[in-house]
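Coordinate inspection notes
Read off the chains here:
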Amino acid sequence: MASHLAGGKINLFVLREAYRRELLDCLDRCIGTKALVWDSVLTGPFGLVAEYPLLQEHEVEKMFLLNNGRLPQSNVQNIVFIVRPKLELMDTIAENILKEEGNTGFNSSSRKEYHILFVPRRSLICEKKLKDLNVYSYLNIKEDFCLDLIPFDYDLLSMENETSFRECYLYKDYTSLFHMAKSIMTIQALYGVIPNIYGKGDCAKHVCDMILRMRREMAGNEMQITPQIDNLVLLDRMVDPLTPLLSQLTYEGLIDEIFGIHNTTAKFPPEKFTKAIEDGAKKEEFKKIILNSGEELYAEIRDKNFNAVGPALSKKAKLISALADERHSAKTVGELRDFVTKLPHMTAAKQSLGTHTSIAELIKEVTDSDQFLDCLRTQQEFINGVEADKVNPYVEDCIARKEPIFKVLRLICIQCACNTGLKQKVLEHYKREILQTYGFKHVITLQNLEKAGLLHVQSKPIFPAVRKTLKLLVEEVQEQNPNDISYVYSGYAPVSVRLIQYLARPGWRSITELLNLLPGPRFEEVQQIPVGLRKRKSSISSTHSNTEQKTTLVVFLGGITYAELAALRFLAQSDDSPTDYIIATTKLINGDSWLSSMEDELKPPPPNPF
């Protein structure tokens, strides 16, 4: 079922199995039949760890989403609430319990037992809230379930914490960084201590310090495992705030931009997929498709620039057609038998081709539109420094047409990043136009963007130096057969991935001056491991000729886009690559989802009762 997790340089299936065992152990401590009541945010992540049939084997008979009111009726002995430690959820839990108890009676023989499983850890303030609501005595508070880094694919892990960037940069709340450090410690427990740590950025330094402190606290009581990962790279999102704001141009990136990918699943309008119509209405409201490397065709095309997807699908169609024609040339029993054995694979391949052809058609409708092309042209002008220091006419037109607010904010933040800030009068003009057009409810969102550093007044321009030193712009980009990571944005190389590329070869010392211009400290640490466990000298910048490819865990703190992910996979698959990459992140993001995490609206005051 999860074979796609085992295909990488390290077997992430092992990590998923560790989570499954921990979850099932927690459930088995609730003796008897169970109904699980889910915090809706957790259903997707947990679905990647344990499927419903497995839970049924452990006496889970019902599953409900946590909602106000009374719980749906069920004849189970245990109600298990699986929730994040959020105060508003405690109100709902209390309402559920009190209504349930009010219907069964406190002394009823059918009275249920109630349990809470906090993810990723319990909160004292939540427990106090439950006491204030007079339901704490009903509850058995289970131990925490630390579901932090969830395996999404053979080379990808995510915490799916949508508030991590906001918490770190607006409130200086580093709880999510603590959970990331704990997750890396779990990885080291399963795959061995990582000898070398490299990093850039304030949040990255916090995580590194926590990892080193946790190791010291273990006082050598660690599993004696030969390291399977050679290097750990910790990278702050604010080291490269520009990249996630740009429109992604890979197949997977565009799916996320247009339809959204949530926990490896995307929903599409059914028109291109549903043929059967009943009573004049389509059977389903949307088409739900799982997207991971377990599907052969998707693994082949997901990281391609979208302009290369059409030819790839056409080539696949011709291959399937040629295989189907083999039945006409089969003359002997043996040849017929060989053809029959290929039929299941051909059927699956044909279905997959139909699915991705339909998705590609939906994407093409968007990418061929004037709105998309005009927006992309404006982004590319900003990157190239064309009139980036004045009010942009296209941005003004978008505001006048009342285009989606996050499209406008993305463009302004891109202009800010490419110009190392905006002139005071330009910034004030944009803010005034936004508030007058979209409403003063967005004033806090604008303040949040300023506080996080995504909008600010112009300072010493450093982007031109970054652009030149890292060769971010490639004029003759090859989208069909790429030879550089810049293909993922059709000519722009992500700063984040370029830094990782330089770290692997020739090393960050070659760009020391540039790194000093970027925000946050740069650091290197060596973790000592017993001599007997050292498989070889582990130095990321050592001579790579005729040596085994190393494995590097890259951790993006604050989010990573699918286009950056594609660029890292491209580096790993290059013939002369010195290292393979495993990617971990606090959240998979695009420009809209990233900026929406910063959104706040002014709430109107309560109505005057007099």
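Check the entry above for the structure.
Attention in this report is confined to the structure presented alongside it. Bear in mind that the values here come from a model prediction, so they are computed numbers and not experimental data.

Burial of nonpolar side chains together is a common tendency in soluble globular proteins. Counting 166 residues, the largest nonpolar core has Leu234 and Ile255 as its most contacted members. Among the elements that line this core, the one with the most residues is helix 15 (residues 405-418), at 10 residues. When near neighbours in sequence (up to four residues on either side) are disregarded, isoleucine 255 contacts Gly260, Ile261, Ala266, Phe268, Leu291, Tyr298, Ile359 and Ile363. Listed in part, the 23 residues of the second largest apolar core include Phe118, Cys126, Leu130 and Leu139.

Attention shifts here to helix 14 (residues 393-400). Within the span of helix 14, buried status applies to Tyr394, Val395, Cys398 and Ile399. Along the long axis of helix 14, the arc covered by the buried residues comes to 140°, so they all point the same way. Exposed residues on helix 14 whose side chains face more than 90 degrees from its buried face are Pro393 and Ala400. Considering only its buried residues, helix 14 is in contact with helix 13 (370-383), helix 15 and helix 16 (424-438). One side-chain oxygen at the N-terminal end of helix 14 lies 2.9 Å from the backbone nitrogen of tyrosine 394; it belongs to asparagine 392. Two residues or fewer past helix 14, lysine 402 is found with a positive phi of approximately 55°.

Okay, helix 2 (residues 40-47) next. For helix 2, the complete set of buried residues consists of Leu42, Pro45 and Phe46. One side of helix 2 holds all its buried residues, which, seen down the axis, span an arc of 95°. Contacts made by the buried residues of helix 2 are with helix 1 (13-28), strand 1 (34-38), strand 3 (78-83) and strand 6 (150-153).

This part covers a negative patch on the surface. Together, Glu22, Asp25, Asp28, Glu59 and Glu61 make up a negatively charged patch on the protein surface. Looking at the secondary structure, you find aspartate 28 in helix 1. Judged by relative accessible area, aspartate 28 falls into the partly exposed class, the value being 36%.

To continue, consider the pattern of salt bridges. Where charged atoms from two side chains of opposite charge come close, those side chains can pair. Summed over the entire model, instances satisfying the criterion amount to 35 salt bridges. Put simply, glutamate 17 and arginine 20 hold a salt bridge, and the shortest N to O gap is 3.3 Å. Placement of both glutamate 17 and arginine 20 in helix 1 is noted, with a separation of three residues, approximately one turn of the helix. Taking relative accessible area as the criterion, glutamate 17 reaches 23% and is therefore assigned partly exposed.

Before going further, it helps to spend a moment on the environment of leucine 455. Within the fold, leucine 455 resides in the loop between helix 17 (443-452) and helix 18 (463-469). Accessibility expressed as a relative area gives 3% for leucine 455, which makes it buried. Residues leucine 455 and isoleucine 412, 43 residues apart in the sequence, show an inter-C-alpha distance of 8.0 Å. Excluding its chain neighbours within four sequence positions, the residues that come into contact with leucine 455 are Ile412, Cys413, Cys416, Leu427, Leu446, Leu449 and Glu450.

Positionally, methionine 185 belongs in helix 7 (residues 175-191). Note: C-alpha distance between methionine 185 and leucine 212 (27 residues apart in sequence) is 9.7 Å. If we skip the residues at most four places from it in the chain, methionine 185 touches Ile211, Met214, Arg215 and Met218.

Below, the discussion takes up the packing of aromatic side chains. In the structure shown here, the tally under the stated rule is nine aromatic pairs. Consider the rings of phenylalanine 46 and phenylalanine 145, whose centres lie 5.4 Å apart with planes at 35°: the pair is tilted. Of this pair, phenylalanine 46 sits in helix 2 while phenylalanine 145 sits in the loop between strand 5 (139-141) and strand 6; the two residues are 99 residues apart in sequence, bridging distant segments of the chain. For the residue pair phenylalanine 46 and phenylalanine 145, the accessibility class agrees, reading buried in each case. Pairwise contacts between aromatic rings join Tyr19, Trp38, Phe46 and Phe145 into one cluster. Residue placement shows lysine 131 over the ring face of tyrosine 136; its charged tip is 4.8 Å from the ring centre. Positioned above the aromatic ring of phenylalanine 523, the side-chain terminus of lysine 205 is 5.9 Å from the ring centre.

Quick look at the sheet that holds strand 11 (residues 265-268) now. Strand order in the open sheet made by the three strands is 10-11-14, with antiparallel pairing throughout. At either margin of the open sheet sits one strand with a lone partner, and together these are strand 10 (261-262) and strand 14 (287-290). Taken together, the two bridges between strand 10 and strand 11 define a ladder with antiparallel strand orientation. Directly across from histidine 262, in strand 11, lies its bridge partner threonine 265.

Definitions and limits used
- Residues numbered from 1 in each chain as written.
- Predicted model: local features only at pLDDT ≥ 70, side-chain atom pairs only at ≥ 80, totals over all residues.
- Heavy atoms only, no water.
- Core = buried A, V, L, I, M, F, W, Y, C linked by side-chain atoms within 4.5 Å.
- Buried < 20%, exposed > 50% of the residue type's maximum accessible area, 1.4 Å probe, protein only.
- Helix = DSSP H or I, 4+ residues; strand = E, 2+ residues; numbered from the N terminus.
- Contact = heavy atoms within 4.5 Å.
- Arc of directions from axis to C-beta.
- Polar contact = N/O pair within 3.5 Å; in protein donor to acceptor, adjacent residues only side chain to side chain.
- Patch = residues over 30% accessible without salt bridge, like charges linked within 9 Å, V, L, I, M, F, W, Y side chains within 5 Å.
- Areas by Shrake-Rupley, 256 points an atom, 1.4 Å probe, with all protein chains shown as cover.
- Salt bridge = Lys/Arg side-chain N within 4 Å of Asp/Glu carboxyl O.
- Lys, Arg positive; Asp, Glu negative; His and termini not counted.
- Charge placed at Lys NZ, Arg CZ, Asp CG, Glu CD.
- Phe/Tyr/Trp six-rings, centres within 6.5 Å; stacked < 30°, edge-to-face > 60°.
- Lys NZ or Arg CZ within 6 Å of the ring centre and 35° of its normal.
- Pairing = 2+ DSSP bridges.

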